[in-house]
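Survey of secondary and tertiary structure
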Amino acid sequence: MNMDPGRFEGDTPPPTYDQSQPARPPQSGISTGTLLLGGVLIVVGVLWLLQRADVIASPWRAALPGVLIAVGVAILIEARRRLDGGLVTIGVLLTLVLSISSIADIPIGGGVGDRDHRPTSIAEVNSPYKLTVGEQIIDFSAVDFPEGETVIDAKLGVGDLTIIVPRDIGVTIDWRVGVGEADIFDQEQSGVGNDGIVKRNEGNSRQLRINASVGLGQLEVRDVR
Amino acid sequence: MYAERWNLTAVILGLLFIVIGALFLLDEFDVLTFDAYYMIPLLVIGAGVAVLFGGRRSDEP
């Protein structure tokens, strides 16, 4: 006989739960990977904005290790349930990018493309010249350098870097090429991990010192033709 | 009581990435000098340890 006024005979009985089997903890509606991706995008956007507003210098060299740490933390959080293959892939790729950029001294965040700098006065000299990937030509032949020493930094990650200097001043080239070729005033070297210092016209009262590095590619320093 | 089953491979890889990221970060801020030439062998060692422990669960007796 049906004793419950709210139920009719033949109704499906409500499910019963075995209290001896504790329920699994409730799963969050958002995965750790999605959470990480969103957080990383927000952080990257904020850093990019701050860099554009000249509040901070290029933050990418510090940001990438930070993202790698965040990936590690996300993998640890996810480890309660499973190994997240996507996060592991991101972590491995980040590690490789950081390692290669560190070994080859690649300036992350320097930009991509071809750059042609031809300053005509010392005021237009905009050191440091940084490029991540591409071809960069810096022609100082039209610059009237002042008395004393002028120091310029030029750094290229992957590609060709050509620096043209005036003939009538003293020049010191402190150069480094991770992998590739160097042609410094027609003295050529190629291979892995080459560097050196080349000096010319040391007695001149006007001295130009250029610290030049190429991670992977070619570096050429020559006089104006 | 529900026993959580930690994936040991994930734990090892997660810790490895945290350590690697911290080393690069400390190197960037000149706290220590870290030679990235050691990175690839370290990654391979970490992957090997993760594979070795991958088949085990932390709640195994």
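Note: the structure precedes this text.
Predicted model, so just to flag it, every value in this text is computed and none were measured. (Residues numbered from 1 in each chain as written. Chains lettered and ligands numbered in written order. Predicted model: local features only at pLDDT ≥ 70, side-chain atom pairs only at ≥ 80, totals over all residues.)

**Points about the overall build of chain B**
In terms of helices and strands, chain B carries two helices and zero strands. Evaluated residue by residue, chain B yields a buried proportion of 28% over its 61 residues. (Helix = DSSP H or I, 4+ residues; strand = E, 2+ residues; numbered from the N terminus. Buried ≥ 20, exposed ≤ 12 C-beta atoms within 10 Å, placed from the backbone.)

**Brief notes about the interface of chain B and chain A**
One frequently used descriptor of interface size is the decrease in accessible area upon assembly of the parts. Contact with chain B, which involves 24 residues of that partner, is made by 26 residues of chain A. Contributions of two or more residues to the side of chain B that touches chain A are made by α1 (8–28) and α2 (39–54) of chain B. With 14 residues, the top contributor of residues to the side of chain B that touches chain A is α1 of chain B. Split by residue class, the side of chain B that touches chain A holds 18 nonpolar, four polar and two charged. (Contact = placed C-beta atoms within 7 Å. Nonpolar A, V, L, I, M, F, W, Y, C, P; charged D, E, K, R; others polar.)

**Details of the sheet that holds strand β5 (residues 187–200) of chain A**
All names here are of chain A. Spatial strand order, β1-β2-β3-β6-β4-β5: six strands in an open sheet with mixed pairing. At either margin of the open sheet sits one strand with a lone partner, and together these are β1 (112–117) and β5. Taking the axes of each pair of neighbouring strands and ignoring which way they run, one obtains an average angle of 15° across the sheet. As paired elements, strand β4 (residues 170–184) and strand β6 (residues 206–223) share 14 bridges and run parallel to each other. Counted as the bridge partner of Asp-183 is Glu-220 from β6. (Pairing = 2+ DSSP bridges. Axes fitted to C-alpha atoms, helices over the stretch in contact; angles between N-to-C directions.)

**As for α1 of chain B**
The terminal C-alpha atoms of α1 of chain B lie 30 Å apart, and with 21 residues this matches the ideal 30 Å at 1.5 Å per residue to within 8%. Asp-30 of chain B lies just past α1 of chain B and shows a positive phi near 60°. (Expected span 1.5 Å × (residues − 1).)

**Thoughts on the environment of Pro-119 of chain A**
Within the secondary structure layout, Pro-119 of chain A lies in the loop between β1 and β2 (129–139). For the pair Pro-119 of chain A and Ala-142 of chain A, spaced 23 residues apart in the sequence, the C-alpha separation amounts to 6.8 Å.

**So, the nonpolar core**
Leu-68, Val-71 and Ile-75 of chain A together with Leu-13 of chain B are the most contacted members of the largest nonpolar core, which totals 30 residues. Broken down by secondary-structure element, the contributors of at least two residues to this core are α2 (60–78) and α3 (85–103) of chain A together with α1 and α2 of chain B. Each residue touching Leu-68 of chain A, except ones within four places of it in the same chain, is listed here: Gly-91, Leu-94, Thr-95 and Leu-98 of chain A together with Phe-17, Ile-20 and Gly-21 of chain B. (Core = buried A, V, L, I, M, F, W, Y, C linked by C-beta atoms within 7 Å.)

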